[in-house]
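Overview (structure and organization)
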Amino acid sequence: MERHKTKTIEMTNVKICGITNVDDAILANELGASFLGLIFVSSSPRSIEIEMAERIADRLRNQVRLVGVFQNSELGEVKSIAERLSLDYVQLHGFEGPEFCSEIERPVIKAFPMKFHSPEIEKQGRSRRYDDVALVAEIQRYPSNVQHFLFDKPKTADSDGWLENAMARLARIQSECRLPPYFFAGGLHSQNVRQVIDTLHPFAIDVASGVEAKPGIKDKRLMAEFMDACQNSAART
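To keep things clear, this report deals only with the structure shown in the data block. Because the structure is predicted, anything quoted here is derived from the model rather than measured.

A word on the sheet that holds strand 4 (residues 65–70). What the 8 strands build is a closed barrel, ordered 2-3-4-5-6-7-8-9; its pairing is parallel. Direction aside, neighbouring strands of the sheet carry axes that sit 25 degrees apart on average. Along the sheet, helix 9 (residues 220–229) makes contact with strand 2 (13–17) and strand 9 (204–207), crossing strand 2 at roughly 160 degrees.

Counting buried positions along strand 4 gives 5 out of 6 residues, so the element sits mostly inside the fold. Direction of pairing for strand 3 (residues 35–39) relative to strand 4: parallel, over a ladder of 5 bridges. Across the sheet, residue Leu-36 finds its bridge partner in strand 4, namely Leu-66. Of the crossover connections in this fold, the one passing from strand 3 over helix 2 (residues 50–60) to the parallel strand 4 is right-handed. As defined by bridge partners, strand 4 adjoins strand 5 (residues 89–92) across 4 bridges and the pair is classed as parallel. Looking at the pairing, Val-69 lines up with Gln-91 of strand 5.

Definitions and cut-offs
Residues numbered from 1 in each chain as written. Predicted model: local features only at pLDDT ≥ 70, side-chain atom pairs only at ≥ 80, totals over all residues. Heavy atoms only, no water. Pairing = 2+ DSSP bridges. Helix = DSSP H or I, 4+ residues; strand = E, 2+ residues; numbered from the N terminus. Axes fitted to C-alpha atoms, helices over the stretch in contact; angles between N-to-C directions. Contact = heavy atoms within 4.5 Å. Buried < 20%, exposed > 50% of the residue type's maximum accessible area, 1.4 Å probe, protein only. Right-handed = clockwise from strand over helix to strand, strands pointing away.

The following block contains the structure:
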């Protein structure tokens, strides 16, 4: 008897970051996001008030993983907010070192900006090996509660060529050693995210501005298109 092949839809894990209201949080969850990022950095245009974060957490807890994003905050503040919201993850986006991370009593995502030398130096391949080894060595310094790393574009970096350089560097590192499961972010949108997924196969994709109508306010169409681009049809019998 002939068995018919059916298709299953698999999606790369996606973190929608910079969620600032309940409606956007619900929509992101309905579209299939695995993680929601709540930013507790006052200087960010996507910063969220703790009361709104509580409303989101109460509405979606146990349906999607909640990530609190901090940058050079006091340890006590991080712990207090994480406990109040029962966060699934704490994401640290500043100068927090291994010792600071070890004090967080829940899983941590540690962000690393992907910096590059001048285009001339990159083109010649100079300093690449040193930088790759240094990055891996730095990652290995972090304690086991740092479950994921996030490779991101520095705020001051020129967007021209950054994505190509970042993908090339991570692909090069991955060919030589095994990286822990990581998130990838930086200028992603529905038109370029598939290239990142197919090239790097990251644990998760992180997006904010690429699915927004304006900072902190998500666009339903852009979010749907982005999530669609992260899907992968896999045939099975």
